[in-house]
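Residues per chain are reported as follows:
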Amino acid sequence: MAVDAVASVILQKLRDLLLEESFTNNRVIGSQLKEMQEALENMRGYFIDAADKQTNFEDIKKWTDDYLHHLYDVEDSIESFALRITRQRRRLGFLMNRALFLKKFTACKMLSRKLEKIQRRIEELSVQTPAGLEDASLRSIRSQRSGLEDVSMRSIHSLRSEFSLGGWADVNGAAEKYEEEEEDQEEEEEGEEIGLNLNPSAADVEADDLRSIRRHSISSSTVTITESPRSLLRSISFDLRSLRDASLIRERWEQSKLMYSYSYDEEKLSIVGYEREVPELLNRLTRGDDWDDRIITVVGELGSGKTMLARAVYGNRIVKNWFKASCSWVTIFKDSTTKDILLNLLKQGEKSKEQDGRKDEAFLRERFRLELTGQRYLIVLDGVQSLDQWGSLRDAFPDEQNGSKIIITTCDEQLGLLADSKRQPHCLKELDYRESWDLFLRKVGLKEGPNSSALKDRIIEVCRGLPLNIVLLGSLLSTKKDKGIKEWTSILDNQENWSTSDILMFSYNDLDAHMKLCLLYMMLFPKELDIPVRRLQRLWLAEGFVKRPENNDIFQEDVVQGYFDDLVKRSLISVSKLRSDGSPRKCRLLGVLHDLLLTKARGISLFHIYQGSVCSEDSPFGKRRLVEYADGNNCSLTPSEYQGLRSYISFNFQKKDIPAKDVAKLLTHMIGKGLGLLRVLDLEGVYKPSLPDNLGDLFHLRYLGLRWTFLDKLPKSVGELSYLETLDLKHTYINGIPPSIWKLKHLRHLSLNEIHLNKDMPLHSHTGSLPKLLTLWGLSVDQESPIKNGLSKLTHLRELGITFRLSKCDDKDSNGFSTSPQFMQDLVEWISKLTNLQSLRLRSKDDSGRPADLSLKPFSGLNKLSHMNLLGRLQKLPEMDHFPPNIKVLTLSVSRLDEDPMPVLGRLQSLTVLRLLANSYLGEKIICPRGTFEGLEVLKLWMLKDLKKWELEEGAMKKLKELNIRCCSKLDNIPSRLLQQGTFKDLTLTNMPDKFKQTVEMNNPRKVSITVKDYKFTPLPWEQADGTQNGMV
């Protein structure tokens, strides 16, 4: 059970509440909460020990269950009290601020009696500690003291490392640079979901901080045990935190290139042992003369690399082009039914929108057959459990002798032999000694390993030649390099014979308590879903799973990014989709972890899933998070179950024409008679859910996710959600928000859908009323919007998406360019001072929505700005030294530049992605001078209607990998030098003339993968009026 993780989170809530006015004004309750906190902390070490030993003794299980009951009682009591206090404060106003009134308030007395009762039970429980358990915190003290002394001695005396210096010290040198690829969606080109990443300038600052932290930590690390173990642990906690912070900073920077290197170059999987496997499968998939070779089975034991091999060929561009759009992948688990699998496959089809889980299996089977009929398709069934499971699916795939393929990965040898009796299965062999060691070094991030041959042999023995074991063990040990060879040996000697499950569970148990809950939480998402990183991290924050940093200059968003990076580095989370700049966009839980961790999640009642007409089994701890996979109108909960709910998350995407009215019923029940402890309401993708007018009574709500719901109104009471952290209205029809939104002091992420900032917004009242927003996306401003003493007071922004609304009557200069209005000057001046900004989308439009003139100021002081998207006419391209110095991704739309922008843009040293979209350049010729665009990897040229010639001088764009050309009808060719260079691998042509396509094919000696697309674009209103088309994107 993960009781220690729950305890850690609830203890943090206790510490936070002790700082609240409602508790500090009542000394009795404040004292009781402090005693409760100490009692819970004193017992937590025993539960860590119980989890480490993974014992199933009944007396220990009952003891931990009782403790968990008390933990949840504490959480329910204090949060219910805070809810009552808030509602009374709204009703009684200033009286609630009087300490005397609080002392006599009935709710205070009730809470005090409740806490006394729980305290007695916890004390009784502490006396009944089962035999065989010890306080794990004492072990922690010993190991941490040892670690402190070790760090100190290494730094002061420069002890000889037990590893060879060349392999141990240079982590960056060991990181192989894997080529990266992104399958960009067309509708995501303009600033959709930008990641928060460290950049070189930030890392340089952190490196300076690291040196000062280490000096302080080492100087104060000598420890003499003269007090109790618990007092000692508290006394050295500052030094330990400092060392951990220092380690985190260093590791995140050193591993930045290594982090995502294992899984995500699907075209060229340069992982040891696959060099011959991939070409063989590619040949079988794309042969046009063997229609009988329809079913390909890949067989191997758990951890042998079946899934990774299948992904390598599935993501290959040649394969994608061969099968066009008819490619689907479904991951199959132990509890997957035939109906689940068919629904999953139907969701991926382009023609079918049928996602109704209430349809029977026969209907879904026939619907899927119709979907595939006439198509040359590729279906991957990853993880088929048995021959019977395959037999229940086989008839759903039509065999039209047209080159369609089905890849089955399985551990079942009999299935491999009988799935297609005409062909032998593709059996994966174990890696040999050298291959295993090479892969291990790659994952651990070393050029050379330890000098000890015995340790090397032990590592190979534990891994047994299985790629998954090697990756997991290497990832785990990569986090222990600072502790030396003894730590590695200690881990490997933890048990004699290691299975894949053993390594997985050790990796899980090695996590910080907060990260354990973060990992378990991922299992509430549908198994086949690629989870947006943005959504996942903000949900972790809202649930209270993230430690609160002691340094007020550090946001929890920085901490949660560290959690995510660490879980990826340990290979427990896989990044399933990258952005074009290589940062993670979507992720998944490592597949084999799911079944192992599901029991732990259920053991602490982390969530309950409602699917169809069935809610997951009852728990003695009640329902704390409700996850809906289907219509929720039949999921009946009692009032007491509503009372305990902390989260409601819906993945009910079935109907796109009928509003989800049942959401309002559910929320009304929750709010009902004084109930409402909800922290998370996530309805992303649910079509027009109904929201009750009194939504603001959900006092504890931290996360309100309405993205892609297409709602057209928002309850005004949303402005009363005083603890709200995330409000996501992107891709809705909501055109206004309550003015009180700007007074929510805890609000960090506000994503809108082109909502206008009115002059009556209370931004200008006083500085203390403004939230410390980190994300402000989708805001529209005009001359009446408060900029000075309004928006200008938002100084912590990291992501900003804003649109100027210009009046048609604005003055023009002699060149027809609008004179920059004062509000635009004020806003751009404000932006130029946002030193924490990492992503910027800036648009200029007139009253009718046409692109308008855009004025800029130098952004050279924005060292952290890496993504910039500009839409609107530029009088001239900014000078090179006016651009942000570390810009990585630049998008220009409707800039209407007359001068060739390439000589200036080519000198931006950090630029990796350049998008020149609709009418960004009006000239006929572009020239990329010698040596420019040194780091550019992705180039997109869209709708440059007058472009005819493109010249590429020697040494320019030498790292370009991907080129995407759309609707450039006059362009005569692509530079032959580009097609010949070794890095270039992916060319996409959309709506290009036949002659152009033929010329490119003739000049393609390396047979670069070419994808040809044809779309019909609907003209925008002003394009029809002007008699033009495709004027903007």
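Residues numbered from 1 in each chain as written. Predicted model: local features only at pLDDT ≥ 70, side-chain atom pairs only at ≥ 80, totals over all residues. Heavy atoms only, no water.

> If you had to explain the overall build of the chain to someone new, which residues and values would you point to?
Helix and strand counts for the chain come out as 35 helices and 28 strands. Residues counted as buried form 57% of the 1033 residues belonging to the chain. Sequence separation of at least 24 residues holds for 67% of the intrachain contacts in the chain that already meet a minimum separation of 6. (Helix = DSSP H or I, 4+ residues; strand = E, 2+ residues; numbered from the N terminus. Buried < 20%, exposed > 50% of the residue type's maximum accessible area, 1.4 Å probe, protein only. Contact = heavy atoms within 4.5 Å.)

> Just give me the short version of the packing of aromatic side chains, but keep the residues and values in it.
A complete count under the given rule lists 13 aromatic pairs for this structure. Ring centres of phenylalanine 368 and phenylalanine 397 lie 5.7 Å apart, and the angle between their planes is 85°; this geometry places the pair in the edge-to-face category. With phenylalanine 368 in helix α17 (residues 361-372) and phenylalanine 397 in the loop between α18 (387-394) and β4 (405-410), this residue pair connects regions lying 29 residues apart in the sequence. Taken as a pair, phenylalanine 368 and phenylalanine 397 share a single burial class, namely buried. Aromatic side chains tryptophan 437 and phenylalanine 440 sit 5.2 Å apart centroid to centroid with 20° between the ring planes, which places their arrangement in the stacked category. Pair noted here: tryptophan 437 and phenylalanine 440 are both in helix α20 (residues 433-444), with a separation of three residues, about one helical turn. Of the residues examined, tryptophan 437 reaches a relative accessible area of 8% and is grouped as buried. Taking the relative accessible area as the measure of exposure, phenylalanine 440 reaches 1% and is therefore buried. Each member of the aromatic cluster is reached from another via a ring pair, and the members are Tyr687, Trp708, Phe710 and Tyr733. Just above the ring of tryptophan 942 sits the side chain of arginine 966; from NZ or CZ to the centre is 3.7 Å. (Phe/Tyr/Trp six-rings, centres within 6.5 Å; stacked < 30°, edge-to-face > 60°. Lys NZ or Arg CZ within 6 Å of the ring centre and 35° of its normal.)

> Got a sec to walk through the pattern of salt bridges? Specific residues and values, please.
The full count for this structure, using the stated rule, is 40 salt bridges. With its nearest N and O atoms 2.7 Å apart, the salt bridge here joins aspartate 76 to arginine 646. Highlighted residues: aspartate 76 in helix α4 (residues 58-92) and arginine 646 in the loop between α29 (639-644) and β12 (647-650), separated in sequence by 570 residues. Residue classification places aspartate 76 among the partly exposed residues on the basis of a relative accessible area of 22%. Accessibility expressed as a relative area gives 1% for arginine 646, which makes it buried. Salt-bridge contacts for aspartate 728 lead to arginine 707; the nearest nitrogen and oxygen are separated by 2.8 Å. You can see aspartate 728 sitting in strand β15 (residues 726-728) and its partner arginine 707 sitting in the loop between β14 (703-705) and β15, a full 21 residues away along the chain. With a relative accessible area of 3%, arginine 707 lands in the buried category. Residues joined by salt bridges that share partners form a network here, namely Glu75, Asp76, Glu79, Arg624, Arg646 and Arg679. (Salt bridge = Lys/Arg side-chain N within 4 Å of Asp/Glu carboxyl O.)

> Talk me through the state of the cysteines; I want residue IDs and the actual numbers.
Tallying each qualifying case throughout the model produces zero disulfides. Cysteine 967 forms no disulfide, and the closest cysteine sulfur to it belongs to cysteine 968, at a distance of 7.5 Å. (Disulfide = S-S within 2.5 Å.)

> Any chance you could break down a negative patch on the surface for me, citing the residues and the numbers?
Together, Glu35, Glu38, Glu123 and Glu124 give the surface a local cluster of negative charge. Of all elements in the fold, only α3 (27-53) and α6 (106-127) reach the threshold of two or more residues within the negative patch. (Patch = residues over 30% accessible without salt bridge, like charges linked within 9 Å, V, L, I, M, F, W, Y side chains within 5 Å. Areas by Shrake-Rupley, 256 points an atom, 1.4 Å probe, with all protein chains shown as cover. Lys, Arg positive; Asp, Glu negative; His and termini not counted. Charge placed at Lys NZ, Arg CZ, Asp CG, Glu CD.)

> Lay out the pairing of strand β2 (residues 327-331) in plain terms, naming residues and giving numbers.
In terms of burial, β2 is a largely internal element, five of the five residues being buried. Burial along β2 is two-sided: the residues Cys327, Trp329 and Thr331 and Ser328 and Val330 are all buried. Bridge count between β2 and strand β3 (residues 378-382): five bridges; the pairing is parallel. The residue bridging valine 330 from the neighbouring strand is leucine 381, located in β3. (Pairing = 2+ DSSP bridges.)

> Explain the sheet that holds strand β1 (residues 295-299) to me, and be specific about the residues and the numbers.
On the basis of which strands lie adjacent, the open sheet formed by five strands has the order β2-β3-β4-β1-β5 and parallel pairing. Taken across any chain shown, the strands that pair with only one partner, and hence form the sheet edges, are β2 and β5 (426-427). Across the sheet, helix α14 (residues 306-314) is in contact with β1, β2, β3, β4 and β5; its angle to β2 comes to roughly 165°. (Axes fitted to C-alpha atoms, helices over the stretch in contact; angles between N-to-C directions.)

> Give me the lowdown on a positive patch on the surface, citing residues and values where you can.
On the surface, Lys114, Lys117, Arg120 and Arg121 cluster together to form a positively charged patch. Note on placement: arginine 120 falls in helix α6.

> Describe in detail the sheet that holds strand β7 (residues 573-578), supporting the description with residues and values.
Here three strands make up an open sheet; going across it, the order is β6-β8-β7 and the pairing antiparallel. In the strand order of this sheet, the two ends are held by β6 (531-532) and β7, each with one partner. Pairing analysis gives five bridges linking β7 to strand β8 (residues 584-589), with the strands arranged antiparallel. By the bridge assignment for β8, leucine 578 is matched with proline 584.

> So what about helix α26 (residues 533-543)? Which residues, and what values?
Counting buried positions along α26 yields eleven of eleven residues, so the element is predominantly enclosed. At the C-terminal side of α26, glycine 544 shows a positive phi close to 85°.

> Can you tell me about helix α30 (residues 662-671), naming the residues and giving the values?
Every buried residue of α30 is accounted for by Val663, Ala664, Leu666, Leu667, Met670 and Ile671. Down the axis, α30 shows its buried residues gathered within 160° of arc, on one side only. (Arc of directions from axis to C-beta.)

> Describe the side chain of serine 404, and please don't skip the residues or the numbers.
Examined against the element boundaries, serine 404 turns out to sit in the loop between α18 and β4. Among the polar contacts made by the side chain of serine 404, one reaches the main-chain carbonyl oxygen of glutamine 375 at a distance of 3.3 Å. Residues within four places of serine 404 in sequence aside, it is in contact with Arg294, Phe323, Gln375, Arg376 and Tyr377. (Polar contact = N/O pair within 3.5 Å; in protein donor to acceptor, adjacent residues only side chain to side chain.)

From the geometry alone we can't say anything about function, so treat these as descriptive.
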